[in-house]
Amino acid sequence: MVQPERTAETPTTRAVGVSLRSVSKSYGATAVVRDLDLEVAPGEFVSMLGPSGSGKTTTLKMIAGFEQPGAGSVHFDGRDVTDLPPERRDVGVVFQNYSLFPHLDVGANVAFPLRMRRVPGQERAERVQRALEMVDLGGYERRRVAQLSGGQQQRVAIARAIVFEPRLLLMDEPLGALDRRLREAMQLEIKSLHERLGVTVVYVTHDQEEALTMSDRVVLFRDGAIEQHGSPREVYERPSTAFAADFLGDSLSISARLLPGGLLEVPGLPAQRFPLGTGMPVGPVRLMWRPHAVEVTAPSGLPAEFSADRLRIPVEVLAGGYAGDVTRLRVRFAWGDEGVVATPSRGIDHRRGSSVDLHLSLASAVLLPVQS
Amino acid sequence: MAGVLTTLDPTVPGAAVRRPGHRRGLGGALPAVPLLVVLGLLFVVPVAVVVGRSFTYPDGATLANYRTALTDPVARQFAWNTVRTALVVSVASCLLGYTYAYAMYRAGRTVRVLLLFCALLPFWTSLLVRSYAWTVLLRDRGVLNELLLQLGVIDAPLPLLRTSLAVTLGMTQILLPFVILPVYAAMTRFPPDLALAARSLGASRRRVFWEVFLPATMPGLVAGAVLAFILAVGYYITPVLLGGPGDQPIAVLIENAVQQRGDWGTAGALSTLVVVLVLALLALGWRFLAKGLLGARR
Ligand SMILES: Nc1ncnc2c1ncn2[C@@H]1O[C@H](COP(=O)(O)OP(=O)(O)OP(=O)(O)O)[C@@H](O)[C@H]1O
Ligand SMILES: [Mg+2]
């Protein structure tokens, strides 16, 4: 077993790279993770995002060693650890429900991994103190776990997971049980811990906003496989499927059709030359815009228009919500497609039933394949 | 490093945050009132009569009965028999009960139900019958001795009946469910993630058991131990039927005082002392009993 170094002088050397190679896992007849490949670079902060039951926790458990893959292998820095038991992987794990030991006080909880590693008493106490200070719980050693608030318990759990300076930190919805305000504060704190420790982090969440704000890279799960992965900006602005587009946030999309000769046809309008190479076969596609990429103006009363690389389409407002600097509108096209746009809160009638004009630039559109 | 968190976390207090318990009004206990009245009549009244007699028998207010009860060497001997037996039986019940409950916890569904059924079997036969059944098994020409003789393991019957061993066996079998149930309940409340957390922190399976699982389920075991001890202190039939002269419990002495000598005073004093002992134990073990039997209320 590789013993973690004692000090944090050279943090990056401690971080480990993780790779999952063709990993599958089934429970009985149900395939829960399917032929999954994933590379996590040393020191990277990767979020696994996806709907409930998409296999995020199962994947995390295989990295931690709690579950054995049915097929495939798990590697740390290129070394096969598939058969290594969890206690020998040097991985810190933080659970949604904190999982603190109820029979131990805060100090003893944090000292637990050091005791398992036979770190002598004096050094142990110092490291416990330092870890607790890192999560702003200095002086809480003698507190009983049950006397702490949820946020405090989760910070004890984090201190316990980092005190032995693991090379990899796994977190399974660590903030899921906390209220919104506390969650946002803890997001910042976890981010800053990641930067200070330089440790590799794999973070599970089903909150897309959390994944986008915290991560170097977002891995989107769907039915036990990776739908898409990339930087937050990539996956948000350039989703590769309608599922990814929907899961990562609000959007507006219309069905269209690619015709031979680089032409694009939008319902009810004459086909136009499409300005971008698409790499997509001729046939139905969806055009998607994020809310901020759509311009909204008061209704002109004119019919829809498709010229050069711009579309102007009148739509009906289904619902409007004032949200400070922007107003979000849910709108419906004449042919039935619905979507969400955002517009500065000025001069737009956002009451239900009113109508507005949308200005859509093809340059900022994302072309999504239509699922068969 | 005083940081972001202290300023942003609304829950960081100067003092510990106490979770407000689930306080329910006394009104919630209303449906229990009729039962409490019946229990009161059947239990409190007779106890009050016995306690009363211990201070007044045979003629007016007196502490003489307690002097006798506390100084009489015979009473001391019987008291020691009782406590010793109860201790041995509690320890045996805890060891066996924890192991049994752990087997239930680890077993598959079918085996678990079967084990639970077997654990509860003793509740469905009378105490007297079960104690006699042990005499059939353990006496000189009993099932066990015959078997050993047949097998040639022994030449002469082992003296098994009328020994402490027989008492321990008989009482442990009867008290086992009282340990198994709270221990098993505590085990089912053990969050499996706790074991995973411990593994990831560097504990082997063995250390997870000794350092996390056992301590976390300890309230259940303590509850079972307290129950078993309290019940064992009051046992009468089993030690009388299975035990030797050195195993006779205080209950025998009490019965003797009343039946043979009509000495309600000494009997009352002895009984009161036993009740006080039991109540003291209950007070000491209350926290664990509440936690072990009802589960931790947050
Ligand atoms: N021990 C198990 N036995 C049988 N099925 C399981 C087991 N663990 C998970 N599953 C199933 O595997 C699937 C994936 O579960 P997993 O916990 O990995 O999902 P998840 O992405 O973490 O979801 P959530 O966001 O709800 O936590 C689910 O359908 C779940 O029911
Ligand atoms: Mg999960």
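The rules behind the values
- Residues numbered from 1 in each chain as written.
- Chains lettered and ligands numbered in written order.
- Predicted model: local features only at pLDDT ≥ 70, side-chain atom pairs only at ≥ 80, totals over all residues.
- Heavy atoms only, no water.
- Helix = DSSP H or I, 4+ residues; strand = E, 2+ residues; numbered from the N terminus.
- Buried < 20%, exposed > 50% of the residue type's maximum accessible area, 1.4 Å probe, protein only.
- Contact = heavy atoms within 4.5 Å.
- Areas by Shrake-Rupley, 256 points an atom, 1.4 Å probe, with all protein chains shown as cover.
- Lys, Arg positive; Asp, Glu negative; His and termini not counted.
- Charge placed at Lys NZ, Arg CZ, Asp CG, Glu CD.
- pLDDT = per-residue confidence, 0-100.
- Phe/Tyr/Trp six-rings, centres within 6.5 Å; stacked < 30°, edge-to-face > 60°.
- Lys NZ or Arg CZ within 6 Å of the ring centre and 35° of its normal.
- Salt bridge = Lys/Arg side-chain N within 4 Å of Asp/Glu carboxyl O.
- Pairing = 2+ DSSP bridges.
- Near = heavy atom within 4 Å.
- Polar contact = N/O pair within 3.5 Å; in protein donor to acceptor, adjacent residues only side chain to side chain.
- Nonpolar A, V, L, I, M, F, W, Y, C, P; charged D, E, K, R; others polar.
- Patch = residues over 30% accessible without salt bridge, like charges linked within 9 Å, V, L, I, M, F, W, Y side chains within 5 Å.
- Right-handed = clockwise from strand over helix to strand, strands pointing away.
- Axes fitted to C-alpha atoms, helices over the stretch in contact; angles between N-to-C directions.

## Some words on the overall build of chain A
A count of helical and extended segments in chain A gives eight helices and 21 strands. In terms of overall dimensions, chain A has C-alpha extents of about 80 × 45 × 40 Å along its principal axes. When each of the 372 residues of chain A is scored for burial, the buried share is 54%. Summarising the internal contacts of chain A: among those between residues at least 6 apart in sequence, 67% fall at separations of at least 24. Accessible surface for chain A amounts to roughly 15,700 Å². Of this, 50% is attributable to carbon and sulfur atoms. Both charge centroids of chain A, one from 43 positive and one from 45 negative side chains, sit 3 Å from each other.

## Re the confidence of the model for chain A
Residues of chain A with pLDDT of at least 70 account for 95%, and the chain-wide mean is 89. In the predicted structure, residues 1-12 of chain A sits below a pLDDT of 50 and forms 23 contacts with residues beyond four places in sequence or in another chain.

## What about the packing of aromatic side chains?
This structure, assessed with the given rule, holds 15 aromatic pairs over all chains. Note on B:F209 and B:W210: the rings are 5.2 Å apart at their centroids and 90° apart in plane angle, and the pair reads as edge-to-face. A network of ring pairs unites the aromatic residues B:Y98, B:Y102, B:Y105, B:F190, B:F209, B:W210 and B:F213 as a single cluster. Against the face of A:F101 rests A:R160, its NZ or CZ located 4.6 Å from the ring centre. Here B:R53 stacks its cationic end above the ring of B:W264, 4.4 Å away from the centre of that ring.

## Observations regarding the pattern of salt bridges
Here the structure, examined in full by the defined rule, presents 23 salt bridges over all chains. Note that B:R84 and B:D247 form a salt bridge whose closest N and O atoms lie 3.1 Å from each other. Here B:R84 is found in helix α4 (residues 73-106), whereas its partner B:D247 is found in the loop between α11 (237-242) and α12 (250-261), with 163 residues between them in sequence. Each of A:E316, A:R330, A:R332 and A:E338 takes part in salt bridges that share partners, so that together they form one network.

## A closer look at the pairing of strand β11 (residues 252-259) of chain A
Residues and elements named next belong to chain A. Alignment of β11 against strand β14 (residues 283-289), held across seven bridges, turns out to be antiparallel. Considered in β14, the bridge of L258 is made with G283. Direction of pairing for β11 relative to strand β12 (residues 263-265): antiparallel, over a ladder of three bridges. In the sheet register, L259 faces β12, and the bridge partner there is L263. Here β11 hands over to β12 after three residues, with G261 in that stretch at a positive phi of 85°.

## Observations regarding the site of ligand 1
Residues and elements named next belong to chain A. The environment of ligand 1 is formed by Y27, V32, P51, S52, G53, S54, G55, K56, T57, T58, E173 and H206. Side-chain polar atom of T58 to an oxygen atom of ligand 1: 2.5 Å apart, as the coordinates give it. Residue H206 places a side-chain N or O atom 3.3 Å away from an oxygen atom belonging to ligand 1. With the chains in place, 57% of the 630 Å² that ligand 1 exposes on its own is no longer accessible. No other element matches the three residues that helix α1 (residues 56-64) contributes to the shell around ligand 1. For the shell around ligand 1, the class distribution of residues is three nonpolar, seven polar and two charged.

## A word on the sheet that holds strand β4 (residues 71-76) of chain A
Residue and element names in this part refer to chain A. The four strands are arranged β2-β1-β4-β5 in an open sheet whose pairing can be described as antiparallel. For this open sheet the edge positions go to β2 (30-40) and β5 (79-80), each flanked by a neighbour on one side alone. Relative to β4, strand β1 (residues 18-27) runs antiparallel, the two being bridged by five bridges. Residue S24 lies in a different strand from β4, and its bridge partner there is A71.

## Overview of unusual backbone geometry
Cis geometry is adopted by the peptide bond preceding B:P58, which originates at B:Y57 and carries an omega value of -5°. On the secondary structure map, B:P58 appears in the loop between α2 (33-56) and α3 (64-71). Although it is not a glycine, A:D35 adopts a positive phi angle of roughly 45°. Here A:D35 lies in strand β2. In this structure A:D35 comes out as exposed when scored by relative accessible area, which is 51%. In this model, A:D223 sits at a positive phi of 50°, which is unusual for a non-glycine residue. Note on placement: A:D223 falls in the loop between β9 (217-222) and β10 (225-230).

## Thoughts on the side chain of A:S253
By the secondary structure assignment, A:S253 is in strand β11. For A:S253, a relative accessible area of 13% gives the class buried.

## Focus: the environment of B:T163
All names here are of chain B. Mapped onto the elements of the fold, T163 is located in the loop between α7 (143-151) and α8 (164-188). The contacts of T163, once residues within four sequence positions are left out, are L242, G243, G244 and D247. A polar side-chain atom of T163 sits 2.5 Å from the main-chain carbonyl oxygen of L160.

## A closer look at a nonpolar patch on the surface
Together, B:L30, B:V33, B:V37, B:V38, B:L41, B:L42, B:F43, B:V44, B:V45 and B:V49 line one region of the surface with nonpolar side chains, adding up to about 960 Å² of accessible area. As for its position among the elements, B:V49 is in helix α2.

## Observations regarding the pairing of strand β8 (residues 200-205) of chain A
Residue and element names in this part refer to chain A. Within β8, six of the six residues are buried, which leaves it mostly tucked inside the rest of the structure. Here β8 shows two buried faces, one formed by T200, V202 and V204 and the other by V201, Y203 and T205. Sheet topology note: the strand β3 (residues 45-49)/β8 ladder contains five bridges and is parallel. Each residue of the ladder has a partner; that of V46, found in β8, is V202. Where strand β7 (residues 168-172) and β8 come together, five bridges link them in parallel fashion. Each bridged residue has a counterpart across the sheet, and for L168 the counterpart in β8 is T200. Traced from β7 through helix α5 (residues 180-197) to β8, the parallel crossover comes out right-handed.

## Describing the sheet that holds β10(A)
Neighbouring strands of a sheet are bound in pairs by backbone hydrogen bonds; such pairs are parallel or else antiparallel. All names here are of chain A. Reading across the sheet, the six strands line up as β6-β7-β8-β3-β9-β10 and stay open at both edges, with mixed pairing between neighbours. Pairing within the sheet leaves two strands with one partner each, and these edge strands are β6 (91-94) and β10. In this sheet, adjacent strand axes meet at a mean angle of 15° when their direction is disregarded. Alignment of β3 against β9, held across four bridges, turns out to be parallel. Opposite S47, over in β9, you have V218 as the bridge partner. Packing against the sheet, α1 makes contact with β3, β6, β7, β8 and β9, and its axis sits at approximately 155° to β7.

## Digging into helix α9 (residues 192-200) of chain B
Residues of α9(B) that are buried: B:L194, B:L196, B:A197, B:A198, B:R199 and B:S200. Considering only its buried residues, α9(B) is in contact with α1, β6, α2 (106-116) and α4 (150-162) of chain A together with α10 (205-233) of chain B. Two residues or fewer after α9(B) comes B:G202, characterised by a positive phi angle close to 115°.

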